[in-house]
Structures are given as C-alpha cells and as structure tokens.
Amino acid sequence: MAAVAEPGAAGRMDRAREPEDDTGGLALELLVHGVGGTTPEEMLDDPRTVRVTGDQTAGIYRRTEDAEAESLREPAGGEPVQEAYCWSNLTSGNSARALWLLLIPFMVANLSHWMRPGAAERHTTGRRTAVRAYGVLVRLVALSLTVLLIAAACEVALDLVAWQCAASPTCTSGRGWLGFLAEEQGGWWSMPGRRLALAAIVPAAVVGLLWWLSHRTWSAYESQPPPTRPVTEGDPEAGDRPALCLPGFWYGRRLVARLRAAHTAAGFLTVAAALTTATARYDHRSAADPRLDTVGWVLTAAILALGTVAVWVVWARGRSESRPDDRIDRIIVRTLPGTALGLLLLSALHSGWSRPGWESEGQLPGNTAFGVLAIVQGTLLVGLACVGRILYRSAPEERAALRGFAGAAVATIACVLGGLLSGGVAQRVADWMDRSGTPGMADSIVPGPPVVLSWMAAAIPPLLLVLAGLAGRFAVQTWRLRRTEIAEVRRSHPGEPEDTARSRRIAGTVARARLTDCAPWFVGATALVTLVLGGVAVVGAWYSGQVPGLAADGSPRIVDASAQIAQALGSWMVSLGFILFLASGRLAYRDASARRTIGILWDVGTFWPRAAHPFAPPCYAERAVPDLTWRMSTWTRLTGGRIVLSGHSQGSVLAAAAVWQLDRRTRRRVALLTYGSPLERLYGRWFPAYFGRVPLRALYREVHCWRNLWRRTDPIGGPVRLPGEAVRGPEVDRSPLVDPLAYGRTPEHPLPAPILGHSEYQADPAFAEERAGLLKRLPEQRLTKSGTPAGQAAQGAAPGCPPDGGQPGPRSPRPRARSVSEPE
C-alpha cells in the first residue's frame, strides 16, 4: 500500500509547486428562473445580453460585457459573473403545444407515481415488495386511462355515429356527410360492419397521434444524457444514494419506450375489441356462416392474449435509475404495437365482410365496458391507497400530505379528469346527434351513450355542492386568520401611524398564502367523495339499466325531481366543460400569451419523468437538469472557480436536482441560494420520498453551503425547515423577509411599498447580503498553468457550510442514503 501511496503524494507536491493562474478566483452566479419564465434581459437586468451556450429552447445568457469574463485576470469589482439559464420554452413555445391539453389526465396520473411515501431507515424485503406494488398499481391505473380515452373515441365514432345515427333516418336527415353510411340508402357502406370498420379510423388515428406526440417529445426534450462521473472507492457515489443522486434518474429511455409500446398496443386492441365484439355477437346469434363465427372467436382470443402481454409489459418492469439505461427492448418496442395494429386490420376486414340482413339497433354491443373499466379503476385506486398507507406507516413523516394517501388521491383525480373528458365528448356528440331531444330519454331519436356515463355526469352536481362546502369552510378559516394577522401587523410596526386599509391588505395576503397548506385536505376530500359517488353511479347504472331520469320514475316526487335536475345539470356541465376545454385549446393555439399560461401549468406538472404514463406531456427536467449539471461541471473544471447556484420558485427545484447530479469535487465549489422555493412546502409534502426531510438533509450535506429566503406573504415558497442543530451547522432558512419593505411612507420609500409575495426577491437587500455571505464561505481555489487545482483547496474538506465563514467545520457522519427507486 505504501508503494502505491508514495507516488501520489509526490505528484501532489509537484502540482503544488506549479505556477498558478489568477483565473481560479473567478466566481459565477448561475440564475434559474421559476414558473412562467422570464427573459434573459429581465433576469440579468440589462438590455444587452448574449447567449453563450444552448439553443432557443433552453440556453445560458450573459451580459454582453461579461461574455469573455474567464479571460480576465481578476473579476471586475469582486462581483460574481452572472449567467441566466432560461428554460421557459421547454414548456411554452410553438402553437402545437396546445395539444398537450388533451394529456392532462395522463400528466396527473404520472404525478401520482412520484407521491410514494418517504424512504425508511432500512429497506426490508417487505418494503421493497410494497414499493414495487405501488409502482405496478400506478402504471396499471395509467394504462386504464389510455383504454378509457380510446374507448371514448370508439363510443363517439363507432357507436353514436356509425351504429346509432346512421341507422336512424331522422338523425341522418340533413347531414349529407352521413348519407353514404345511412342504412336506409342501402349502399355498399350501409352495412353495420362496414360502417364500423370505416369509423374505426378515428380512434386508430387518436392512438397514432398519441404515439407520435410521445415519440416526438422524447426526441426533443428527454434524450439528453447526464454527464458521466467516475465512481471511486471512498466517494459517496459508490454507496447507495437518494434517488435524485443516481445517474440514471433523468434518463428513463428504456422504460418510456416499453410503456409507449404497451399503451399503443392497448389503444389499437381497444378499437379491435369494439369491432370484434359487435360482429362476433351477430355471427354467434345468426349462425349464418360458421366460418365467420370461428374467425370471430379466434380474433377475440388473439386480442385477449395480446392484451395480456401488454399488461405484463406494464407490470414487469419499473424504473432503473442506478445508471443511464440506453438499452431498448426491440422485440417489445417494435413487435407489440405492430402486432396490435395487424389485429386491428384483421378485425376491420372481418367486420366489413358481407352479412346480408344485419341491421344495427340500440347501442353498440360491448358498451358495458365503461362500467367494467370504472370498477377496475376503483379497485386499483383502493389497492393503491392501502399500499401507500403501508409504506407511510413503515416510515412516517409528520408533514407528508394525506399520510400516505396522496398518491391514491391524485390518481383518483386523474381518473375523474379522464372520465369527465370521455363523458364530455360522448354527451356533447350525443346531444348534437339528437337535435332537440335528450339522449336516453323518451323523446330521443338515438339511444345515446352508455347509461353509466349518464349516471357519472349526474354525479357532478352533488360533487360540486360538496366542493362548494369545502371552499366555504376554507374561506371562513381564511377570514378568521386574517383577523388574527391584522393584530400581528399592527404589533410589528410600533410607533407608525395606523393605516387600517394597509393592515387589512397585508393580513389578507398572509392569510391567503396560508391556503396552500390546506390543499392536501381539499384534494383528499375531493378524491374520497368522487370515489363514493362513482361507486354509486356504477351500481345505479347496473341495477336500473336506465338513465337517472327514467330510473327515478315512480319514486317520491323529491327523489324524481332531484334525479331529473342532476341528470340535466350534469349533462349540461359536462358538455359546457368540454366546450370550454376546446375553446382553451383553440385560444392557446392562436395566442402566445395563452400558451404561456398553459406553460405555467406544465412547469409544475411536468417536472417529473414519465414513469407511469408515456403519453403524458414531456418532462422538461430531463433536459434542464443535464443542462445545469453540464454547465457547472465544465465551468468549474475549466476555471476552478466558485458557483452560487441561485434558483427562484420552480428554478430552485431544478437547482437542487442539478446539485444532486454533480460529482463530489464539483459540489465542493457550489453554494445554493434558494428563494420563493417550494422545495419543502410543496415538493417535500407531496413527494416525500424525493424531497422529504431525509432527502433535504442529504442535500444540505451535498453542497458546501445553502441559504433559503422566504416571505410569509408568499403562497408558493416557504422555509426548508432544516434547523442548525439538526444538520450540525447554521440554519438553511433565514428569518422571513419583511414584506412589504415599509409599512408607511418613509424617506427610503416615499411612495407606498408594494406587497411582493412571490416576486422580486432579488430586489430585497437580504438577497445581496446572503449571496455575498455564500461567496465568502466558499473556499477559493486557483488553477496551475496546466489547469490542475493548486494547493490544499483541491483536497478540500467535506462539504459543509462553516459557521464562522472560514473553512468547513466538522460535520455529522454522512448517512448511507438509499435509492428509493422501484426495484427491477
């Protein structure tokens, strides 16, 4: 061992004697904006900026005079060079992104995957099994959403248009585009099977569109590999790390490709099943041609077998994060969707075969699938809630949202959104086809959509009443808190003239900001009530076989009237919601400011990789996090300088994720400054396995120093809640910033100071003070002429934020954090 160690020591002595270069004293402040984005000129407070690296989608900008700052011998004025990382075009850009509105249920389902309860101190076999079960259940819920959406497209195109309306002379009257399908015309396309085969193009095109969007967005946003870093003995990367530290966390190519293939196959098989069910039922009953009946049974068996394979592909493998997984399961990715498409074509050919005497009547056979699908989703959601609770009890965390039920609650919201979107499309088209009648009632000219969809629509008014009650309760709670805060505002400004209106505005802002902390219970109550009402709707539909208005005939007058009102209002609300949805998409397509607003929603909802649903909107962090990591790694390696990574709002989450991806030597050169940060208040509560108490403590140990700024008036940002005694160093959180900066008129603020809330943190004097303090704590390191670190700084102490502003002091032993990824 001595023979190996001696040359290393000599090498260090030789490097220490090399001449030094002054560029090592350079400091960099890397700014990362939050939701909604901003321009480089606004971030750098200078109209003259230049992009130094990146592209128009996401790039890093500097002031023009700082473009060649690395060539200077000393930083001008001792101030750090500022760079702005602008990533807003990842979520709001060209008009085609208005199509992402269609993917809201998929996005919400994907979020539920990441809401698994926090990591335990020890990973037992039972917990690993529960973690895997949680991932499997979420992926199956996501698969059911794909089937639901395609089934809704089949309901509209195959059932309402090709089966019901084309068979009704009253419905086809005045609709020339349906004339060639009209059963009374007796044309070649008028046979029910051929009408269904032609209409199947619509849902098949929806599947193709979803596949194209998923594949295109992967190529554009999520194909950036993270920087490689060596794993050596004694390096923390050699042990188990929090999941966000793992090199493959932001590169899930293999899983996305597998899920895309399975969901695409499931979509094609749903269309094939709708065709085959109707034709096989007729062939079996008529017995006109036994060969067609046999082919129908063979196709049915093949669809069931391939559907089982698709479910197995979704079930069999979760995320693999220990390394960037470039492998592609080519057999699955290429064969599964192609085989499903082939079965769809065979089903269309089988349906279009000549069957003299076949006439369509009533609803399309197989429409009970919506009820079966609702039961399957409810069972999966209950199972997800049970597994989440088991995981929470094995590692309880006081501030975790809904005590382990958060994932199940959000998955329920995803199913509700999927049901509303599906039911809204069906109800709107049925109302349009039925002209002046009401689908499903006595005056209707078409039977209308499946009864269970009408029952679910009728459940919307009771749900809204419950939500209105909850909103009223929170309003009263906010009003009471506002009264308390008024007194607090008065006490905090002694000696100043009383301004009642000013005190009320400040107190009201603080009280409304506190509503964010009530969101978990609002979501939980909504999910629970929705699950109960959905169960009642399914039972009512199956028991009565009629829409609520007809099912209530003969019951007491109040029950009958309530059923009639609920059905009418529910149908109207679903249709209106669908129209507003389309109008929002059209507005977003044509108006850049509307696209920017939609982009804000994706900033929050698409931070996480597509681990459950491959058709969800793309994960911008799989581009942004590697960008930031590459920038910090290459800049410190070339200059040996220090970095203050400055993140606002969602930018602080990206900054934290990027720090976790750095190698240990680079982390010694980085200080973290967060402000208006949702790291603990939102992400820590809703995603405890990744941003809970244990991971945030690990993050504190990963960076050299970290400070967090927050305001009581901020509805998004908040404290990180890592006290100094818990991390053996100074506290991360500064005391809450004063907002507004002045209560009344002062010589410094002759005009009333605004209440800033979540904005303009950099304008607060505390910002410059904290940034200067972080730079002072970071040890300076200079480079030799050969580009290697000089002096003992290169062998710096363990990362830590020193209490005295000097070199890092002793830190508590680094715990062996674990990956909370789902095992393969």
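Residues numbered from 1 in each chain as written. Predicted model: local features only at pLDDT ≥ 70, side-chain atom pairs only at ≥ 80, totals over all residues. Heavy atoms only, no water.

Asks: Any details on the overall build of the chain? Residues and values, ideally.
Replies: Check the secondary structure of the chain and you find 27 helices and nine strands. For the chain, with 824 residues in total, the buried portion stands at 55%. Considering only intrachain contacts with a sequence separation of at least 6, the fraction spanning at least 24 residues in the chain is 81%. Per element, the accessible surface of the chain, about 35300 Å² overall, is 61% carbon and sulfur. (Helix = DSSP H or I, 4+ residues; strand = E, 2+ residues; numbered from the N terminus. Buried < 20%, exposed > 50% of the residue type's maximum accessible area, 1.4 Å probe, protein only. Contact = heavy atoms within 4.5 Å. Areas by Shrake-Rupley, 256 points an atom, 1.4 Å probe, with all protein chains shown as cover.)

Asks: Outline unusual backbone geometry, supporting the account with residue identities and numerical values.
Replies: Residues apart from glycine generally show negative phi values, whereas peptide bonds are mostly found in trans. Residue Pro740 is bonded to the preceding Asp739 through a cis peptide linkage, with omega at 0°. Take Pro740: it is sitting in the loop between helix H26 (724–727) and helix H27 (765–777). Residue Arg403 is not a glycine yet carries a positive backbone phi of 55°. Relative to the helices and strands, Arg403 resides in the loop between helix H11 (369–394) and helix H12 (406–433).

Asks: Explain the state of the cysteines to me, using residue names and the numbers behind them.
Replies: Any covalent bond linking the sulfur atoms of two cysteines counts as a disulfide. Applying the stated criterion to the full structure yields one disulfide. Between the sulfur atoms of Cys165 and its disulfide mate Cys171 the distance is 1.8 Å. Disulfide Cys165-Cys171: the torsion about the S-S bond is -100°, which places it as left-handed. Just as Cys165 is buried, Cys171 falls in that class too. (Disulfide = S-S within 2.5 Å.)

Asks: I'd like a description of a nonpolar patch on the surface, backed by residues and values.
Replies: Residues Ile565, Leu569, Trp572, Leu576 and Leu580 make up a contiguous nonpolar surface patch of roughly 480 Å² in combined accessible area. Mapped onto the fold, Ile565 is located in helix H18 (residues 557–590). (Patch = residues over 30% accessible without salt bridge, like charges linked within 9 Å, V, L, I, M, F, W, Y side chains within 5 Å. Salt bridge = Lys/Arg side-chain N within 4 Å of Asp/Glu carboxyl O.)

Asks: Which residues make up the packing of helix H4 (residues 125–164) against helix H9 (residues 290–316), and what values do they have?
Replies: The N-to-C vectors of H4 and H9 enclose an angle of 140°; their axes lie 8 Å apart at closest approach. It follows that H4 is oblique to H9 by the angle criterion. In the crossing of H4 with H9, the sense of the turn from one axis to the other is right-handed. On the side of H4, the interface is formed by Arg132, Val136, Arg139, Leu140 and Leu143, while H9 contributes Val311, Val314, Trp315 and Ala316. Here the residues of the contact of H4 with H9 are counted per class, giving seven nonpolar, no polar and two charged. (Axes fitted to C-alpha atoms, helices over the stretch in contact; angles between N-to-C directions. Parallel < 35°, antiparallel > 145°, perpendicular 65-115°, else oblique. Left-handed = near helix turned anticlockwise from the far one by under 90°. Nonpolar A, V, L, I, M, F, W, Y, C, P; charged D, E, K, R; others polar.)

Asks: Please set out the packing of aromatic side chains residue by residue, giving values where relevant.
Replies: Overall, the coordinates contain 25 aromatic pairs when judged by the stated rule. Look at Phe106 and Phe615: their rings are 6.4 Å apart centre to centre, the planes differ by 55°, and that puts the pair in the tilted class. A residue pair is termed long-range when its members are at least 10 positions apart, and Phe106 in helix H3 (residues 104–113) and Phe615 in the loop between helix H19 (592–605) and helix H20 (621–639) qualify at 509 residues. Here Phe106 falls in the buried class, since its relative accessible area comes to 2%. Judged by relative accessible area, which is 3%, Phe615 ranks as buried. Where Trp114 meets Tyr690, the ring centres are 5.3 Å apart and the plane angle is 70°; that geometry is what we call edge-to-face. Highlighted residues: Trp114 in the loop between H3 and H4 and Tyr690 in helix H24 (residues 688–691), separated in sequence by 576 residues. (Phe/Tyr/Trp six-rings, centres within 6.5 Å; stacked < 30°, edge-to-face > 60°.)

Asks: I'd like a description of the nonpolar core, backed by residues and values.
Replies: Counting residues in each nonpolar core, the largest one holds 147 residues, and the members touching the most others are Tyr85, Phe607, Trp608, Leu654, Phe691 and Trp706. The element best represented in this core is H4, accounting for 20 residues. In this view, Trp608 contacts Asn110, Leu111, Trp114, Phe249, Cys619, Tyr683, Phe687, Tyr690 and Phe691; residues no more than four positions away in its chain are not counted. (Core = buried A, V, L, I, M, F, W, Y, C linked by side-chain atoms within 4.5 Å.)

Asks: Provide a residue-level description of H9, including the pertinent values.
Replies: A rise of 1.5 Å per residue sets the reference length of H9, with its 27 residues, at 39 Å; its end C-alpha atoms lie 39 Å apart and thus fit the reference within 8%. Within H9, the full set of buried residues consists of Leu292, Asp293, Gly296, Leu299, Ile303, Leu306, Ala310, Val313 and Val314. (Expected span 1.5 Å × (residues − 1).)

Asks: Any chance you could break down the confidence of the model for the chain for me, citing the residues and the numbers?
Replies: Per-chain confidence: the chain averages 82 in pLDDT, with 81% of residues scoring 70 or above. Confidence, read as mean pLDDT per element, is least for helix H1 (residues 2–16) in the chain (36) and greatest for strand S7 (residues 670–675) (95). Segment residues 230–240: pLDDT under 50, and 18 contacts once partners within four positions in sequence are set aside and those in other chains are kept. Across residues 783–821, confidence stays below pLDDT 50; counting only partners more than four residues off in sequence or on other chains, it has 116 contacts. (pLDDT = per-residue confidence, 0-100.)

Asks: Pulling in residues and values, what's your account of the side chain of Asn367?
Replies: In this fold, Asn367 is placed in the loop between helix H10 (330–351) and H11. In terms of polar contacts, Asn367 uses its side chain to reach the side chain of Gln363, at 2.5 Å. (Polar contact = N/O pair within 3.5 Å; in protein donor to acceptor, adjacent residues only side chain to side chain.)

Asks: Let's hear about the pattern of salt bridges: which residues, and what values?
Replies: This structure, assessed with the given rule, holds 21 salt bridges. Across the pair Arg63 and Asp46 runs a salt bridge whose closest N-O atoms are separated by 3.9 Å. Within this pair, whereas Arg63 is found in strand S4 (residues 59–63), its partner Asp46 is found in the loop between helix H2 (40–44) and strand S3 (49–54), the two being separated by 17 residues in sequence. The pair Arg63 / Asp46 is uniform in exposure class, with both members buried. With its nearest N and O atoms 2.7 Å apart, the salt bridge here joins Glu770 to Arg734. Within this pair, whereas Glu770 is found in helix H27, its partner Arg734 is found in the loop between H26 and H27, the two being separated by 36 residues in sequence. Exposure remark for Glu770: the relative accessible area of 6% places this residue in the buried category. Among the charged side chains, a salt-bridge network with shared partners connects Arg707, Arg734, Glu769 and Glu770.

Asks: Tell me about the environment of Arg393, residues and numbers included.
Replies: Relative to the assigned elements, Arg393 resides in helix H11. Relative accessible area serves as the criterion here: at 65%, Arg393 is assigned to the exposed category. Linking Arg393 and Gly404, residues 11 residues apart in sequence, is a C-alpha distance of 8.0 Å.

Asks: Can you lay out the side chain of His613 for me, pointing to particular residues and giving the numbers?
Replies: Position of His613 among the secondary structure elements: in the loop between H19 and H20. Under the relative-accessibility criterion, His613 is labelled buried at 0%. A distance of 2.8 Å separates a polar atom in the side chain of His613 from a polar atom in the side chain of Thr146.

Asks: Before we move on, can you summarise the pairing of S4 with the specific residues and values?
Replies: Remember that side chains alternate between the two faces of the sheet whenever the strand is regular. Extensive coverage of S4 is indicated by the burial of five of its five residues. Across five bridges, S3 lies against S4 in antiparallel orientation. Bridged to Gly54 within S4 is Gly59. Linking S3 to S4, which pair antiparallel, is a turn of four residues. (Pairing = 2+ DSSP bridges.)

Asks: Help me get a handle on the sheet that holds strand S6 (residues 642–648), residues and values and all.
Replies: Note: strands within a sheet are paired through backbone hydrogen bonds, in either parallel or antiparallel orientation. With respect to topology, seven strands assemble into an open sheet ordered S3-S4-S5-S2-S6-S7-S8, the strand pairing being mixed. Both outer strands of the open sheet, S3 and strand S8 (705–709), are each paired with one neighbouring strand and no more. Geometrically, the sheet is characterised by an average inter-axis angle of 25° between neighbouring strands, direction not taken into account. Bridging between strand S2 (residues 27–32) and S6 involves six bridges; their strand directions are parallel. Directly across from Leu28, in S6, lies its bridge partner Ile643. Of the strands in this sheet, S2, strand S5 (81–86), S6, S7 and S8 touch H27, which is tilted by about 175° from S8.

Asks: Help me get a handle on the environment of Ala27, residues and values and all.
Replies: As for its placement among the helices and strands, Ala27 is situated in strand S2. Each C-alpha atom, one on Ala27 and one on Glu70, is 9.7 Å from the other, the two residues being 43 residues apart in sequence. Excluding residues within four positions of it along the chain, Ala27 makes contact with Pro80, Val81, Trp635, Arg642 and Leu775.

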